[in-house]
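Geometric and topological summary
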Amino acid sequence: MWKKVHSIKKLNLIANVIRQDVVKMLYEAKSGHSAGSIGLADIFTALYFNVLYHDPANPDWPDRDRFVLSNGHVCPVFYSALANSGYFPKEELMTLRKLGSRLQGHPHRGALPGIENSSGPLGQGLSQAVGMAIVAKSERKKWRVYCMVSDGEQQEGQSWEAAMLAAKYRLGNLTAIMDRNNIQIDGYTEEVLPIEPIAEKYRSFGWNVINVDGHNIKKIIDACNESKAVYERPTMIIAHTIPGKAVSFMEQRFEWHGKPPSQEDMNRALSELENMRTIMEEEEI
Amino acid sequence: MIADLNKPEAKKPTRDGFGKGLLELGEKDSNVWALSADVSESTRTHWFAEKFPGRFIQVGVAEQNMAGVASGIAHCGKTVFVSAFAAFSPGRNFDQIRVSVCYNDVNVNFHASHSGITVGPDGASHQILEDIALMRSLPNMIVISPADMEEARKATIAAAAVKTPCYIRTSRQNTPVFTTPDDKFEIGKSSVIREGKDVAIFAHGVVTYDSFLAAEKLRQKGIDAAVINCHTIKPVDEEAILKYAKQCGLIVTVEDHQVIGGLGSAVAETVADRCHVPVKRHGIYDRFCESASASELLQKYQLDADGIARKVEEEMKVKK
């Protein structure tokens, strides 16, 4: 059984490692999605090192929590979280998007241990998560379903079909986390197609909604725990994140949604992240 | 098959066969689940739903979500049957079937009723004639179009037994029940309704029986037509196609579907790959149809026995 990490300092250091992995992976792959992946390092750290009940040594453990990634394009951060928690060797991270790699450009179920679902086309993951939660509830299983969704994919009508069904079946065992980073390929979500007021939308669809700072690992964990205490209603945690967080030149820039770093970009990003790591290690707590 | 093929006792829709098969599966296996998008009665899923409400999910008018939810349920080890009108599933949710189901490699089976022009008065929007083309293009997908109610029942049971996704196409049109519970049904193996040496008619679904009647009419004109019930369009029975291509020197495919992408394409592709025998693809010729009764439409588009016989006769003239 996987041991949870409770020290926030340790968790922040893991998130730093994941960020560095993502920068290197995307540089090696020469394509992929930088900003969203880096911006999700804290949430994936919280999930894989604290929130989820899972066992990297036994990926098919029947009682594991299910983690469904809907916005598959952020998979570099997902792969790094899986490798760092022990699902497969870290060296393999550098094969991302290459011929013969198990690390497909968007996750493929069965390709790598720890991947619950193949994803890519936006708006599909929440439906799959709802299906799993319906079975878990009907069979009174203890495991929960967590689903990562993006803010841009709220523009897909299917998201709302799934939201309605989750409320109908009173899926208290379903926690969705929305990466509210405000960017999508063509610009800012509120310019491309406004999704606000997104919290009110989910509330009116019968969901419990929690807003959280998506870079505060403790608050992310608290929000997940709170969602477990809400019965008969699914929870949407709206995690407000900064795309490219902790890499200064990527932060808040939608141009970085779908492009990889150059060698110069990588060196600069890694040096910033190393500095941050040194400072964090020196901190008392 | 029944003793006298010219005298079938009952006429029933293939959707009823699906409903019966699903109910049988539900009784035998508590891992079988079913979903419907607001058409549980029309798709005959309601027989299962009434008996096993805990394993039936009513998703409302939301076919895209239905495919995704089915994927999630199947992910938990269940055998899932999803039902809707063919116009909307797969008509509306191709992407979800492709990725949430096929690329996730889960055991979700799609039952699509109300296919083809036999939907009749509802008109062209609901008469989907492109569904087989969509489904047979997908990796891992098996495509079945049963010829009668009994075969639809067996196809449903067979679909549950294979771990890859299946597409089962049915109709609400009453058609003669000419197969019996004793007939063997095997996915990918066509069955010969009538032997012949001049031309081989490959048909599926609701026009299969009329293809047999067409062959009976052709006999009076001195044409000896074989009739093959090609219920599985993917994987198509290549062995039978090549055998009859050689035996008859002419194949005519008959289907309530566009001539692009259906059984006609599957047969033509097989023949083009392996031998040189003419294949006439008969069906709907790249167009939308219109409202009328099913029998009026079958007559207008030459998919009734007379129409099929005429088409085959025309091709026989070209052959000679």
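Residues numbered from 1 in each chain as written. Chains lettered and ligands numbered in written order. Predicted model: local features only at pLDDT ≥ 70, side-chain atom pairs only at ≥ 80, totals over all residues. Heavy atoms only, no water.

A few words on the sheet that holds strand S14 (residues 279–284) of chain B. Residue and element names in this part refer to chain B. Pairing within the open sheet is mixed, and its five strands lie in the order S9-S11-S10-S13-S14. Each of the sheet's edge strands pairs with one partner strand only, and the pair in question is strand S9 (191–194) and S14. Taken pair by pair, the neighbouring strands of this sheet meet at an average axis angle of 25 degrees, ignoring direction. Note that strand S10 (residues 199–203) and strand S11 (residues 225–229) share five bridges and pair parallel. Within the sheet, the bridge partner assigned to Ile201 lies in S11 and is Val227. (Pairing = 2+ DSSP bridges. Helix = DSSP H or I, 4+ residues; strand = E, 2+ residues; numbered from the N terminus. Axes fitted to C-alpha atoms, helices over the stretch in contact; angles between N-to-C directions.)

With that out of the way, let us pick up the packing of aromatic side chains. All names here are of chain A. Considering all chains together, one arrives at 18 aromatic pairs over all chains under this definition. Between Phe78 and Tyr79, the ring centres sit 6.2 Å apart and the planes meet at 25 degrees, which makes this aromatic pair stacked. Like Phe78, the residue Tyr79 is buried in the burial classification. Here the aromatic residues Phe44, Tyr48, Phe67, Phe78 and Tyr79 are joined through ring pairs into a cluster of three or more. Above the face of the Tyr53 ring, Lys4 is positioned so that its terminal group lies 4.0 Å from the ring centre. Of note, Lys30 hangs over the ring of Tyr27, and the distance from its end group to the ring centre comes to 4.0 Å. (Phe/Tyr/Trp six-rings, centres within 6.5 Å; stacked < 30°, edge-to-face > 60°. Buried < 20%, exposed > 50% of the residue type's maximum accessible area, 1.4 Å probe, protein only. Lys NZ or Arg CZ within 6 Å of the ring centre and 35° of its normal.)

We now examine helix H8 (residues 238–248) of chain B. Residue and element names in this part refer to chain B. Residues of H8 that are buried: Ala240, Ile241, Leu242, Tyr244, Ala245 and Cys248. Residues of H8 that are buried in the fold lie against S9, S10, S11, strand S13 (251–258), helix H9 (263–274) and helix H11 (305–319). Within two residues after H8, Gly249 carries a phi angle of roughly 75 degrees, on the positive side. (Contact = heavy atoms within 4.5 Å.)

This part is about the interface of chain A and chain B. Contacts between the two partners involve 26 residues from chain A and, on the opposite side, 25 residues from chain B. By the criterion of area lost to chain B, the three top residues of chain A are A:Arg109, A:Gln124 and A:Glu161, representing 24% of everything that side buries. At the junction of chain A with chain B, the criterion picks out one salt bridge. The partner of A:Glu139 in a salt bridge is B:Lys78, with the nearest N and O atoms 2.5 Å apart. Our count for the chain A to chain B interface comes out at 17 residue pairs in polar contact (both at pLDDT 80 or more). (Buried area = accessible area lost by both parts, 1.4 Å probe. Salt bridge = Lys/Arg side-chain N within 4 Å of Asp/Glu carboxyl O. Polar contact = N/O pair within 3.5 Å; in protein donor to acceptor, adjacent residues only side chain to side chain.)

Before going further, it helps to spend a moment on the nonpolar core. Core analysis: the largest hydrophobic core is formed by 83 residues, its most contacted members being A:Leu174, A:Tyr202, A:Trp207, B:Leu35 and B:Phe202. When residues of this core are assigned to their parent elements, the largest contribution, eight residues, is made by helix H5 (residues 125–138) of chain A. Residue-level mapping places this core at the junction of two domains, with at least three residues from each of domain 1 (11–176) and domain 2 (191–319) of chain B. Once residues lying within four places of it in the same chain are set aside, the contact partners of B:Phe202 are B:Ile228, B:Cys230, B:Ala240, B:Ile241, B:Tyr244, B:Ile251, B:Val252, B:Thr253, B:Val254 and B:Leu263. Among the nonpolar cores identified, the runner-up in size contains 63 residues, and A:Leu82, A:Ala83, A:Tyr87 and A:Ala239 belong to it. (Core = buried A, V, L, I, M, F, W, Y, C linked by side-chain atoms within 4.5 Å. Domains from an automatic or database assignment.)

Below, the discussion takes up the packing of H5(A) against helix H3 (residues 63–75) of chain B. Each pair of packed helices gets described by two things: the angle between the helix axes and the distance between those axes. Viewed as axis vectors pointing N to C, H5(A) and H3(B) meet at an angle of 45 degrees, and their least axial separation amounts to 6 Å. By the angle between their directions, the pair H5(A) and H3(B) is classed as oblique. Between H5(A) and H3(B) lies a crossing of right-handed hand. Of the residues in H3(B), those touching H5(A) at A:Ser127, A:Gln128, A:Val130, A:Gly131, A:Met132, A:Ile134 and A:Val135 are B:Asn65, B:Gly68, B:Val69, B:Ser71, B:Gly72, B:Ile73 and B:His75. (Parallel < 35°, antiparallel > 145°, perpendicular 65-115°, else oblique. Left-handed = near helix turned anticlockwise from the far one by under 90°.)

Moving on: the domain arrangement of chain B. Residue and element names in this part refer to chain B. Taken domain by domain, chain B consists of domain 1 (11–176) and domain 2 (191–319). Contact with domain 1, which involves 32 residues of that partner, is made by 33 residues of domain 2. Overall, the association of domain 1 and domain 2 removes approximately 2,400 Å² of surface from exposure, summing both partners, and the carbon and sulfur fraction of that is 57%. Broken down residue by residue, the surface that domain 1 buries against domain 2 is led by Ile117, Leu129 and Arg136, which jointly contribute 29%. Put simply, domain 1 and domain 2 have one salt bridge between them. Taking the shortest distance from any N to any O, the salt bridge between Glu269 and Arg136 comes out at 2.7 Å. For the interface between domain 1 and domain 2, the tally reads 21 residue pairs in polar contact (both at pLDDT 80 or more). Of all the elements in the fold, those that place two or more residues in the side of domain 1 that touches domain 2 are helix H5 (131–136), strand S6 (142–144) and strand S8 (174–176). Here the side of domain 1 that touches domain 2 takes four residues from H5, the largest share from any one element. Split into classes, the residues belonging to the side of domain 1 that touches domain 2 amount to 15 nonpolar, eleven polar and six charged. (Nonpolar A, V, L, I, M, F, W, Y, C, P; charged D, E, K, R; others polar.)

Mean pLDDT over chain B works out to 97, with 100% of the residues at or above the 70 mark. Among the scores for the predicted complex, ipTM is 0.94 and pTM is 0.96. (pLDDT = per-residue confidence, 0-100.)

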